[in-house]
Structures are given as C-alpha cells and as structure tokens.
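Structure assessment
Residues per chain are reported as follows:
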Amino acid sequence: MQSTTESIRNRDREAPASTGSGRDERIVREAVSLAEAWQNRANRLITPGEKAVQKKMMRLLTHPTDKVVMTRLIDQSFRSANEARVAERVAGLLNEYGIPRFFSLKERLLARLFLFAGRLVPRAAVPRMIEAMREESSRAIIPGEPEVFHAHLAKRKAEGVRMNVNHLGEALLGEEEARVRLDKYVEALRSPEIEYISVKISTIYSQIHSLAFDHTVAVLRERLARLYRTAAEHFFTHNDGRRVPKFVNLDMEEYRDLDITMAAFMQTLDREEFRSHSAGIVLQAYLPDSYLNQRKLTEWAKKRVEGGGSPIKLRIVKGANMEMEQLEASLFDWPLAPYDNKLDVDANYKRMVDYGMEPENIRAVRLGIASHNLFELAYARKVAEYNGVTEHFGFEMLEGMADHVRRAIQEMTGEVLLYAPVASKDQFINAIGYLVRRLDENTAPENFLRYSPYLKTGSRQWTFLRDQFLAACRHRHDAGKTPHRVQNRQLESFSDMGTFHDGAFRNEPNTDWSLAPNREWAKAIRREWKKPPQNVPLEIPVVAAGRERFAERPTKDVFDPSQYEERVLVARFALADEEDIERAVATARADPDGWRQKNAYRRHEVLSKVAMELRRARGDLIGAAAANTGKIFTEADVEVSEAVDFAEFYPFSARAFADLPHVTSRGRGVGLVISPWNFPIAIPCGGITASLAAGNTVIFKPSSDAVLVAWRLCRCFWNAGVSKNTLQFLPCSGSALGTRLTGHPDVDFIILTGGTETGMKILEANPGVHLSAETGGKNATIVTALSDRDQAVKNIVYSAFGNSGQKCSATSLLILEREVYEDAGFKRQLTDAARSLDTGSAWD
C-alpha cells in the first residue's frame, strides 16, 4: 500500500469525531472493548514456543533488510536437486549480504558452520538445511505426508478447530496437470478427515482467457460440478456427532479472474442438482468492486433461497495479491484495481460486514469473517450480536499465525475455521511463493500482525491500531464503491491528448479484456470483420503521386485465413507497376506538399493527430489484422497500442533533438518502409512515423500477405493530414518489382523488417543505401538448474507459440543445463503446457 503510518495519523486528525448513529457508536465502542479482552486473554495463553516465534518476528521487524535476504535465499537457492549447487548459491548470498540478524543464536551458529564447511559436505548440509526450513515453516504450511497431515487434522478436530485445506503445488500450466489436480481435490473430499477445501479456478483449468469468457466459464462449470457433486455425496462428522456435507470454497485470485470466478460459481450452483447444496466464494475488500459484487451475489442467493435452495457462504478477506495487481497495472498501463491505501480497504471491509450482517442478507449468504485484526473480528461480532445473527457467521484465520489469539477468540465464541495450506516434501519449493507473500504481508507497515509480537493493550502500538480502526469506521460510508478499472472501448472518446499537448510520454493502455464492455466490443469487431461468403470484396488501390489507382493493374485476392474452409474473399488489391514506382519515387523526391519544410513542431502536431486516428481505429485495425493475417484479437490489440506509442514517441523525440542548442538535424530524404506480415500494425507504423518525424517522405511497401491491414493503417495517416504525396502506398511483388524500389538511386534509406536473405540481397543490389534492417535469427532460451522452472515453462511456451511462433524473438531453441534436461517433471510440464494450447478442455 502506498500510504504510511503517518498518513493514517494525518487522516485520523482530519476525520470527524463521530462514527455515526448512537447504535453505531455503541457497536464501535464495544468492539474496542472486546478486542482488548481478546488481546489480554491471548497474552495470558501464549506458550513459550509462541513467544520464541514472536521474538524472532521482532528481530525481523527491527532489521527489515533481513526480509530481502531471506526472500533471495528462498527464491534463488533451493530449486536445484544438486546439493553442491545449492550450497554454493546459499554461501554466495550469505557472503554477499551477511547472515540475517533475526536468526536465533543457534541458527546463526549453524549458518556460520555452513559457510565454513557446508560447501565441503553439501550432501549432508543441504538436506538438513531444507528440513530445518520445512520444520520452521510447518506452523504456516502443514506437511502433506499422509501420516503427519492426518495427525494434524485429528489434533485440530480434538481442539474444536475446523480446517479449510488448501493444497499448494506447482503452477498449473497444462490440462493433464489440471486433470491430476482435480482428481486430488476429489480424493480430498472423499477423505473422512477433511471437511472443507479451498480451490482456485487456476488450479482446475490451465487455459483461462478473459476474451474467451463464455468458453472458460463453461469448462469451469463442468469441473466445479464434479467437485460439488463429490462434496454433496460425502459427509464429515463433527465431535458432537453432526454429519455435514463436505464443503468447497472458491478462492479469489487476480482481478482479471473476478468476473469469471463469480460467473462460474453462480452458474454451477444454478443447476438443479445443486439447488440444495451449499458452497462458498471469497471476495477481497481491497477491491472497490467487491461491495457491488457482494450485493449481486446476495440478490442472486436470496432468489435461490426463496426458490427452496440452500444458502451460500461468502468469505470476506482484505486481499493478498497486491504485488501482482501492481505489476499488471504497470505492465498494461491500467489503473490499479485495488484501493491504494489501507484506510479505504478497512472501510470497505466494514461496509461489506455491515451489509452482509443484515438479517435478510445473512440468511441467504452466510459469512466467514477472515482476518487477524482483532478490531475487525470484534466489530463483526458486535454487529452480528446487535442484528441477532451470530449463528450465521464464523471467524476464519490462517494456520500458524498468532495461534494464542485464535485460542482466546475460540474460548469466547466457539469454533474458528483455520485456512490451512498443505505441501508435501517434494512440493515444498512450490510453497515458497505462499511463504514469501505471507512474510511480506505480515511485515507491511500498517498490518495488524506487524504489531502483534508482544502487543499489549494500552501501548503505543495498540493505540495506533485502535485509532486506525476508528478512522476506518468513520470512513466506511465514504470509501469509493466504483471500480477503478472502467475502460470501455464501446464508449471511449478522445480529446486533445498525448505528447504534443501534454509534453510527456505515457504508454498507451492495452485493452482490458477482463471488463465486460470490452468483450462486447470484441464481439462487435468480429461481427463486422468476419465477412460472409457472399461478401463484396474491398478494392484496395495503389496510391502514388497523390492519386489512387486500381483499374488496369494486376490484382491479388485476400482470403480470410480464419475461414480457410469457406475461402471467404475479403479484399482485392492492385499491384503497382513500373510507372507507379517511378512516379512515387519522383514525387517523394520532389515533396510537392512541403513535408520536409515543416519544422519539428509542425510535424509533431500532425503526427499527434495520427496517434489520435490510430486510437479511434483500434477496432478496425484489430478486425483487419484478423481478417487479413489471422491475428488473434489479444495479439493485434497490443500492436495498436505500440503503434500509438510510436506515433507519440518518435515526433516527441525528434522535437527534443531539434530543440537542443548547437545541434542541427534534418531528414535523409526519401525513405522506403518494407514491413512483414506477422506484425502488420506496429512494425510498419514504427518505420513510417520515425521517418516522417525526422522530416522524410515515405514510400510504404507492405507485405503482400498484409495489404488489407496496411491500407487501414495508411488511412489513419491520411485522415490526420499526412498527404498522399508524403506517404505513398505501393503494394507490389517483391520478386518482380520490389528490387526496382530497393535498388532505386533516389531512395535514400530503407527500413526493413523481414528475412536475413532479403536484407543481404538489398545490400548486394544497392551497397550505398542506408539500410536499417531487423531480420531473423535463432533465438534461444537458457534454463539453469537454479531457475524457477514453472516460470521457465510458462514463458517458453508463450515465447515459442505466441503470435503463432512468428515473432522475431520467438523461442526456437532451448538450452538446458543437464539437470533440467534430465528432469522428467520439467519435460512433463513443458509438453503438457504446449499440448494444452491446442487441446484446451478436450478431456472434459
């Protein structure tokens, strides 16, 4: 979160004194008293072992750089099965950063011993180190070996603690692994010791795509139905003899999966066979969207109950994927989906609790109040008491986090449900992400657990946490309710914007396919550009010397490659002849419209309008790329964003160079841009805008396999005010007449993206020309033994097969260290991930 402790205090001072009505004030006052009672009782219940953990956490908080060291150690050191390699990396990191100061005295001594002798006897030292790490983390991650796991479940059951089991494991990259994972969930539901499991949609389907929304939801419906069916058929027996059906809770992940998860959940439970079956879902309070989604779920659940169906359960959490959301927002230039401050998150949490606790709502949607913040838990308890609905909600906490607090709450309220991650020994490395995320969360400046070590009521830390709670209570009706991600391609309009008007460059946002209006926009593009067999083809002319010419020229047909069986003709384009070439070069040399005479400011002004035209034409450019080259929408869309960036950045940069003192710049003269078919929007736009921004006239020869989209691209330039004398359009046969262009003495420079052989032939025919060429090569991805192999497989598959494998930098060669090459698991993951791109949900 961006806010700091000081900013919270500032807002506190500015907040009104009242928390609302008299009833609200009583609830808040009593919640504070209850939180104090719980904390005081917890401090009396704490064990020596728990005190040792708290002491260690205090040392970590005192030395925050130790968290960085620990993250590096965990992330970089233990992925190899070669003990010597692990020992070498661990020693290297400890020598570089020093031994973490939050280690206990015993751990520091062992670390020093490891530095002295660990590399000499790695086969003995490394397994012991990993086992010590497993032992240390076993409070938060339950060992998955059957004997240990079932013993832990039995212990918790005897303590009256319910368990929500979350099986951790490697990243799901393929459909064969999805089948295995689904089978494991079914097996868990059949186990008499397990009552409750949590499932993420990303662990039962590997090919989740927002743009393929309906298909994705349909696949998930079938897989969830299998889980719900199994849960309904098997029962768990509580200590008091009650037999209840097994329970499946659907976890929430990244924002992009929010609508898919909600739809899959509701549509599956809408089936008649699940009318009397209850299941759960999570909503994250750090998303402003969650309050509205809670209302949507509640209205649906009310109708379900009114029709004789069972209630559902909603687990309310703060949210645990902030770093991923920040990364995604940065990569794709979208607003941050969650709130950017803790005050709003906490306020929204309370607002969701208030709404959920209303008697008419909670009877249809039972609540799980998930938090370690005693004030939040106490607030929920008091609202429930005042509303008379205490039997319809429960507290939920994390396994191994502040267990003494859990016991204090359980003494006073009854059952507590623990969210329990489970990982067997061979999956321990895959549990690292969970450990790191929890460590990061728990040490965040405003997190309640950060202050929990030795926390005493009345202390400065307690007062800060109490005031933070009171501020959120006052703010709970004011935190934003509307989503931050509101991009709507159907309704967007553009006013003056960009580098010419703002004086600063910002990347153009890609389309956010997680948003329903944008998916509808995509369907409209498809309807417009997926032409029927009886379609009248568009006639695309040659544009030379300011005139369009189609008649009396040879033509070539453009068929839609996505409709190859029907052979749908979408366009027919004219091929330039020798006269057109000579006319175009002469016009470019003469520059009758005076493009070269414009200064950098005027060129920037015109090209800024080109950027605006590109924004307006996004849908047509995507549609043309699909109909002409078979480019999928998600990959064509990012090309449009890149094209806009070129149209903004190049003239902005040219103007900056022109404004430098004692520097003179001018264009070379006549430029020839030759573009490929595989990136028919961004690559030609980059070459054209760079050339025009520098003060050149341009002849554009597109690939014969991408003329339709090239034509639509050129129209953006012409509509913006670039004349047809300044930018000329010459589709022609590369083998027949292309050499006439590339070898023409009046062409001053050539920008080529294409084959290496083509570039060499151009230089052989015209050695003096200035050639800027991006050509093919053999692109390798190197995977080392210490790499994150899940990430390696994911990125290899994307690099090799994204853009149909036709990207210039597409992985075509894998260089693997022997350990990786001989790793059967790596090979299985890689082949499964690659195969699943084609098979999708074929096994359903």
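Criteria and cut-off values
- Residues numbered from 1 in each chain as written.
- Predicted model: local features only at pLDDT ≥ 70, side-chain atom pairs only at ≥ 80, totals over all residues.
- Heavy atoms only, no water.
- Helix = DSSP H or I, 4+ residues; strand = E, 2+ residues; numbered from the N terminus.
- Expected span 1.5 Å × (residues − 1).
- Buried < 20%, exposed > 50% of the residue type's maximum accessible area, 1.4 Å probe, protein only.
- Arc of directions from axis to C-beta.
- pLDDT = per-residue confidence, 0-100.
- Contact = heavy atoms within 4.5 Å.
- Pairing = 2+ DSSP bridges.
- Axes fitted to C-alpha atoms, helices over the stretch in contact; angles between N-to-C directions.
- Salt bridge = Lys/Arg side-chain N within 4 Å of Asp/Glu carboxyl O.
- Polar contact = N/O pair within 3.5 Å; in protein donor to acceptor, adjacent residues only side chain to side chain.
- Right-handed = clockwise from strand over helix to strand, strands pointing away.

**Description of helix α5 (residues 83-97)**
- Spanning 15 residues, α5 covers 21 Å between terminal C-alpha atoms, matching the ideal 21 Å at 1.5 Å per step.
- Buried within α5 we find Val86, Ala87, Val90, Ala91, Leu93 and Leu94. Angular distribution of buried residues about the axis of α5 spans 165 degrees; they occupy a single face of the element. Of the exposed residues in α5, those oriented more than 90 degrees away from the buried face are Asn95 and Glu96.

**Describing the confidence of the model for the protein**
- Across the protein, pLDDT averages 91, with 97% of residues at or above 70.
- Confidence drops under a pLDDT of 50 for residues 1-18, and excluding neighbours within four residues, the segment shows 36 contacts in the predicted structure.

**Focus: unusual backbone geometry**
- The backbone phi angle of Tyr454 is positive, close to 60 degrees, even though this residue is not glycine.
- By secondary structure assignment, the location of Tyr454 is in the loop between α18 (432-442) and α19 (460-475).
- Assessed through its relative accessible area of 41%, Tyr454 is described here as partly exposed.

**Some points on the environment of Pro517**
- Along the chain, the position of Pro517 falls in helix α21 (residues 516-529).
- The sequence separation of Pro517 and Gly776 amounts to 259 residues, and the corresponding C-alpha distance is 38 Å.
- Discounting chain neighbours no more than four positions away, the residues touching Pro517 are Asn488 and Gln490.

**Remarks on the sheet that holds strand β16 (residues 569-574)**
- An order of β12-β16-β15 is seen for the three strands of this open sheet, with the pairing classed as mixed. Only two strands of the sheet have a single partner each, and these edge strands are β12 (538-540) and β15 (555-559). Looking at each pair of strands side by side, their axes are set apart by 25 degrees on average, direction ignored.
- Pairing geometry for β15 and β16, over five bridges, is antiparallel. What sits directly across from Val558, in β16, is Ala571.
- The sheet strands contacting helix α27 (residues 707-720) are β12 and β16, and the helix crosses β12 at an angle near 75 degrees.

**A look at the pattern of salt bridges**
- This model, assessed by the stated rule, comprises 68 salt bridges.
- When the shortest N-O distance is used, the salt bridge between Lys382 and Glu385 registers 3.1 Å. With Lys382 and Glu385 both in helix α16 (residues 374-387) and three residues apart, the pair spans about one turn of that helix.
- For the salt bridge of Arg572 with Asp557, the shortest nitrogen-to-oxygen distance reads 2.7 Å. Residue Arg572 is located in strand β16, and its partner Asp557 is located in strand β15; the two are separated by 15 residues in the primary sequence.
- The partly exposed category is assigned to Arg572, whose relative accessible area is 25%.
- Among the residues examined, Asp557 registers a relative accessible area of 34% and is labelled partly exposed.
- Residues joined in a network through salt bridges with shared partners are Glu50, Arg156, Glu159, Glu399, Asp403, Arg406 and Arg407.

**Structural notes on the side chain of His744**
- Checked against the element boundaries, His744 lands in the loop between α28 (734-742) and β20 (749-754).
- Overall, the relative accessible area of 7% leaves His744 in the buried class.
- Polar contacts involving the side chain of His744 include one to the main-chain amide nitrogen of Asp746, which spans 3.1 Å.
- In this view, His744 contacts Glu582, Val585 and Asn766; residues no more than four positions away in its chain are not counted.

**Focus: the pairing of strand β18 (residues 697-701)**
- A large share of β18 lies buried, amounting to five of its five residues.
- Of the two faces of β18, both are covered, the one formed by Thr697, Ile699 and Lys701 as well as the one formed by Val698 and Phe700.
- Two elements, strand β17 (residues 670-674) and β18, share five bridges in a ladder whose sense is parallel. The residue bridging Val670 from the neighbouring strand is Thr697, located in β18.
- Crossover connection from β17 via helix α26 (residues 682-693) to parallel β18: handedness right-handed.
- As paired strands, β18 and strand β19 (residues 727-729) are joined by three bridges and run parallel to one another. Bridge pairing in β19 links Val698 to Leu727.
- In the classification by handedness, the crossover that spans β18, the intervening α27 and the parallel β19 is right-handed.

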